[in-house]
Amino acid sequence: MEHTLCNAQAAAVEERGAPVPGKRMTRSISRRRETALGWAMALPPVIGFLIFTFAPLIISFVMSLNEFSRYSYSLADMTYCGFENYKAIFADPDLWKALGITLLLCLSIPFEIFFGLLIANLLRKPFFGRRVLRVIFFLPNICSIVALAFVWTYMYSPQEYGLFNRILALFGADPLRWTSDAKMFLVCIIVMTIWNVMGYDALMFQAQIGNINQSLYESADLDGANCVQKFFFITVPMATPMIFYLALIGIIGAMQSYARIDAMDIDPYGMGPEDAGLTLVGYMMRAQEEPLAFGGLGISAATSFFLGIIIAVMTVINLKVSKKWVHYND
Amino acid sequence: MTEINVNQLPAQAPADGEIKKKKLRRHKKLRAADVIGKIALLLGAIIILVPFWILLITSFKSPAEIMSADFTWWPKEFNLDGYINAFNFETAAITSNVLIGLGNTLLYTLPTTIIGLFVSGMSAYAFSKMHFKGREVLFGVLLLTMVMPGTVVLIPQYTIYSMIGWVGTPFPLMIPGMFGAAGTVFFLRQFMRGVPDEIVEAAEMDGLGKFRAYWMIMLPVCVPAFIAQFVLNFIGGYNDYLGPILFLGEGDPSRFTLQVVLSNMVSPQESETQKRMANAVVALVPLIILYLFSQNFIIDGISVSAVKG
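Residue positions within a chain follow its written sequence, with the count starting from 1. Chain A is the first chain written and ligand 1 is the first ligand written, with later ones labelled in order. Per-residue local features are limited, in this predicted model, to residues with pLDDT of at least 70; the limit for side-chain atom pairs, both in listing and counting, is 80 or more; totals at the level of whole chains, interfaces and linings are taken over all residues. Hydrogen atoms and water are omitted, and side-chain values are computed over all heavy atoms in the structure.

Looking at the overall build of chain B
A count of helices and strands for chain B gives 16 helices and 0 strands. When each of the 309 residues of chain B is scored for burial, the buried share is 46%. When the accessible area of chain B is evaluated, it comes to approximately 15200 Å², of which 67% is carbon and sulfur surface. Each helix is a run of H or I in the DSSP string that is no shorter than four residues. Each strand is a run of E no shorter than two, and both are numbered from the N terminus. Each residue gets one of three labels from its accessible area relative to the maximum for its type: buried under 20%, exposed over 50%, partly exposed in between, using a 1.4 Å probe on protein chains only. Shrake-Rupley sampling with a 1.4 Å probe provides the accessible areas, and residues are treated as covered by the protein chains on show and by no other component.

If you want it as structure tokens, here you go:
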């Protein structure tokens, strides 16, 4: 790291060239102007980040150390209480239940990645209709989750006319209650998520696979490898950076699951049948929305900070692990 | 291109009977695998499309037909009640209406997306084509944004916005986006680095300032990248769920975004299924049309970010 830095500096010095007397003044003025303009042009997104993300993050931590008078959303109405909020949430079995449910939702990720890689591999060679298939596979990704949840809720209908119950009926099985059944709720959400996300993973893998050196496949052909062998011994290892990347963003996304559960949950009270869909974000949201029942803003802020730390830790672990295991193309 | 050559190889190979036979057999086997692959792809595409088809046909089925025991893949008779309800403004005072929601969504999302894109592009230009002190530090700060998930800061954002009176107004959905987005900056920076420095330098030699070089030279060159980012950011804003629910959900229905309107329709009543479906169709159609027209830019845009990001 240090070496490259030194090199970069050396290169920069070289690029500027040795200072020429006389020209020095004008140069330094134009450099200073460029610096000022550069900052002015580059700065807005950084300022946006500082105001709308970084400052709230700090405030979130402060809020998590304070108790709020119920029904007040003002920072003026808080009183310092140390780590009481954290103690409260860690003592609450609901938080651990929410953490468990959130982690269970990550189960969709290996399936998304597997199907995504499979689709990308099948779409590797050009053929008639390839473009149309790419467009179709990516379609669920651009659609709003609430609109999609309407159809999925209907397909998961516990009545006998629900699509999934009709499929069961074809095999002579009794209808199930699907999303209305606390034990099945998460499975239903996971299946829908796989359907929703695999096209995105497929698209990312297609870009990655397009970069794999074709000579690898050619030499495998000469050695008489079949397509299954080529998939597992060339495509999968060469796609590891993407697998790790998709796993990471998948986990970060799953840790923040809320929208799809809120939209699929037809029970107006609670989070899914018997709170089977209570995620960490759900836990955070209900504390904010119903402060009397679930503890208010301090609890909410503590939960969000806890969630942030989990996500940060996962990001770091993923970066470390991927450095060790990832197979780089170049 | 190389794949075609591989396929042509057996034909051009020397006519040694033994090898030819072997190759032919392998060729046949490959074909079989190809066919299985195609069938799998087709099956996958059908699985993706079935829910969309069900959404569409159900929006035309009367509640009685929806709840009758036999499910059909085509409505027995076209019933437009769902759409009549969706376009009915009389109930708008209570739960709003998809068209009002659609209008609000466009009103909040378009200016934010356009301004945010312009600002992000400027920032990307500075990070890719200008040399100034502190550039790398600034970029490092921006990198942090990518690690920080938005959901984590929702609660303090809500508190701040409620203190300055923004809750119930569209400002929380508009103002932050106008500062540009880190993801967009990364993407555009990546694209601009691919543009040769000489082009920009030549423009500056001709007396254009840095800013005008961005505006007159870089922007036109990067149009595909800008379109990709515009569409992706617009779709993101269009489908934004948590923010609008939190910041607008309790307020005036005439300010609801499309997603808030839709989410208010979630209910266990199956007799409402047709209305829900019709509203969902109205919500999805603009998006799908936009997607079909810009799929080149979107798919290439995402692929590029996948390889280089």
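So that's the structure; there's more coming.
Remarks on the overall build of chain A
If you tally the helices and strands in chain A, you get 16 helices and 2 strands. When checking whether two residues touch, look at their non-hydrogen atoms; a contact exists if any pair is within 4.5 Å. Taking contacts inside chain A between residues at least 6 apart in sequence as the whole, the part at least 24 apart equals 67%. Surface exposure of chain A reaches about 16400 Å², of which carbon and sulfur atoms provide 66%.

Examining the packing of aromatic side chains
In this description, an aromatic ring pair is defined by two values, namely the gap between the centres and the angle between the planes. Residues and elements named next belong to chain B. Note on ring pairs: Phe, Tyr and Trp rings are taken, using the six-membered ring of Trp, and paired if centres are within 6.5 Å. Classes follow the plane angle, with under 30 degrees stacked, over 60 edge-to-face and the rest tilted. Counting across every chain of the model gives 35 aromatic pairs over all chains. When the ring of Trp74 is compared with that of Phe78, the centres are 5.7 Å apart and the planes differ by 75°; the resulting orientation is edge-to-face. Centre to centre, the rings of Phe118 and Tyr214 are 6.0 Å apart; their planes meet at 50°, and the pair counts as tilted. Of the two residues, Phe118 sits in helix H6 (residues 98-129) while Tyr214 sits in helix H12 (residues 210-221), which places them 96 residues apart along the sequence. Classification of Phe118 as partly exposed rests on a relative accessible area of 29%.

With respect to the packing of helix H5 (residues 108-122) of chain A against helix H11 (residues 227-238) of chain A
Residue and element names in this part refer to chain A. Axis geometry follows a simple rule: fit a line to the C-alpha atoms, using only the stretch in contact for helices, then measure angles between N-to-C directions, giving values from 0 to 180 degrees. Where H5 contacts H11, the two axes come as close as 12 Å, and the packing angle between them is 105°. With respect to each other, H5 and H11 are oriented roughly perpendicular. Taking contact as the criterion, the partners of Leu117, Leu118 and Asn121 in H5 are, on H11, Phe231, Thr235 and Val236. Among the residues forming the contact of H5 with H11, the class breakdown is 4 nonpolar, 2 polar and no charged. In what follows, roughly perpendicular refers to angles from 65 to 115 degrees, roughly parallel to angles under 35, roughly antiparallel to angles over 145, and oblique to any angle outside these ranges. Charged means Asp, Glu, Lys or Arg here, nonpolar means Ala, Val, Leu, Ile, Met, Phe, Trp, Tyr, Cys or Pro, and polar covers whatever is left, Gly included.

Focus on the interface of chain B and chain A
Listed per partner, the contact involves 98 residues of chain B and 92 residues of chain A. Defined here as a combined quantity, buried area equals the accessible surface (1.4 Å probe) lost by two parts on assembly, summed across both. The junction of chain B with chain A conceals about 8600 Å² of combined surface from both sides, 77% of it contributed by carbon and sulfur atoms. When the area that chain B buries against chain A is broken down by residue, the three leading residues are Leu41(B), Ile48(B) and Ile155(B), summing to 8%. By the criterion applied in these results, polar contacts are pairs of N or O atoms within 3.5 Å in which, for protein atoms, one can donate a hydrogen and the other can accept it, and in which residues neighboring in sequence qualify only through two side-chain atoms. Taken together, chain B and chain A are joined by 16 residue pairs in polar contact (both at pLDDT 80 or more). Top element by residues in the side of chain B that touches chain A is helix H16 (residues 273-308) of chain B. It accounts for 18 residues.

Some details on the confidence of the model for chain A
All names here are of chain A. When pLDDT is averaged along chain A, the result is 83, and 87% of the positions lie at 70 or above. A residue's pLDDT is the confidence the predictor assigns to it, expressed on a 0 to 100 scale. Of all secondary-structure elements in chain A, the lowest mean pLDDT belongs to helix H1 (residues 2-16), at 41, while helix H4 (residues 93-105) reaches the highest, 94. Predicted confidence is poor over residues 1-22, with pLDDT under 50, and the contacts of this stretch with residues over four places away or in other chains come to 4 contacts.

Quick word on the packing of H6(B) against helix H13 (residues 223-239) of chain B
Residues and elements named next belong to chain B. The N-to-C vectors of H6 and H13 enclose an angle of 140°; their axes lie 9 Å apart at closest approach. By the angle between their directions, the pair H6 and H13 is classed as oblique. Seen from above, H6 lies across H13 with right-handed handedness. Here Leu102, Thr105, Leu106, Thr109, Leu110, Thr113, Ile114, Leu117 and Gly121 of H6 lie close against H13, whose contacting residues are Phe226, Gln229, Phe230, Asn233, Phe234, Gly237 and Tyr238. Split into classes, the residues belonging to the contact of H6 with H13 amount to 9 nonpolar, 7 polar and no charged. Definitions for this section: a left-handed crossing has its near helix turned counterclockwise from the far helix by less than a right angle. A right-handed crossing has that turn clockwise.

Comments concerning the pattern of salt bridges
Opposite charge on two side chains permits pairing when their charged atoms draw close. Only one rule defines a salt bridge in this text: a Lys or Arg side-chain nitrogen within 4 Å of an Asp or Glu carboxyl oxygen. Across all of its chains, the model carries 7 salt bridges over all chains by this definition. A salt bridge links Asp275(A) to Arg286(A); the nearest nitrogen and oxygen atoms lie 3.5 Å apart. Of the two residues, Asp275(A) sits in the loop between helix H13 (259-264) and helix H14 (280-289) while Arg286(A) sits in helix H14, which places them 11 residues apart along the sequence. A salt bridge links Arg135(B) to Glu136(B); the shortest N-O distance between them is 3.1 Å. Note on Arg135(B): relative accessible area 19%, which makes it buried.

Concerning the nonpolar core
Across soluble globular proteins, nonpolar side chains have a tendency to be buried as a group. By nonpolar core we mean a set of buried residues, namely Ala, Val, Leu, Ile, Met, Phe, Trp, Tyr and Cys, connected to one another through side-chain atoms within 4.5 Å. If you look at the biggest cluster of nonpolar residues, it comprises 144 residues, and the most contacted ones within it are Phe137(A), Ile142(A), Trp152(A), Phe205(A), Met255(A), Leu280(A) and Tyr291(B). By residue number, the principal contributor to this core is helix H9 (residues 182-210) of chain A, which donates 16 residues. Discounting residues that sit within four places of it in the chain, Phe137(A) has contacts with Ile119(A), Leu123(A), Gly199(A), Leu41(B), Gly44(B), Ala45(B) and Ile48(B).

As for helix H3 (residues 84-91) of chain A
For the α-helix, the turn length of 3.6 residues means that residues three or four positions removed from each other point alike. Residues and elements named next belong to chain A. Residues Asn85, Tyr86 and Ile89 constitute the buried set of H3. Relative to the axis of H3, the buried residues are bounded by an arc of 95° and lie together on one face. In H3, the exposed positions that point more than 90 degrees away from the buried face belong to Lys87 and Ala91. This arc is built from the directions going out from the helix axis to the C-beta atoms.

Observations regarding the side chain of Asp201(A)
Residues and elements named next belong to chain A. Structurally, Asp201 can be placed in helix H9. Charge convention: Lys and Arg are scored as positive, Asp and Glu as negative, and His as well as the terminal groups of each chain are ignored. One buried charged residue, Asp201, forms no salt bridge at all, with the nearest opposite charge on Arg260 at 11 Å. When neighbours within four sequence positions are excluded, Asp201 is seen to be in contact with Glu112, Ile113, Gly116 and Leu246.

As for H4(A)
A helix is expected to span 1.5 Å for every residue after the first. The first and last C-alpha atoms of H4(A) sit 19 Å apart over 13 residues, in line with the 18 Å expected at 1.5 Å per residue. The N-capping residue of H4(A), defined by a side-chain oxygen 3.0 Å from the backbone nitrogen of Asp94(A), is Asp92(A).

Concerning the confidence of the model for chain B
For chain B, per-residue confidence averages 83 on the pLDDT scale, and residues scoring 70 or more make up 86% of the total. When the criterion is pLDDT under 50, residues 1-15 of chain B qualifies, and its contacts beyond four places in sequence or with other chains add up to 10 contacts.

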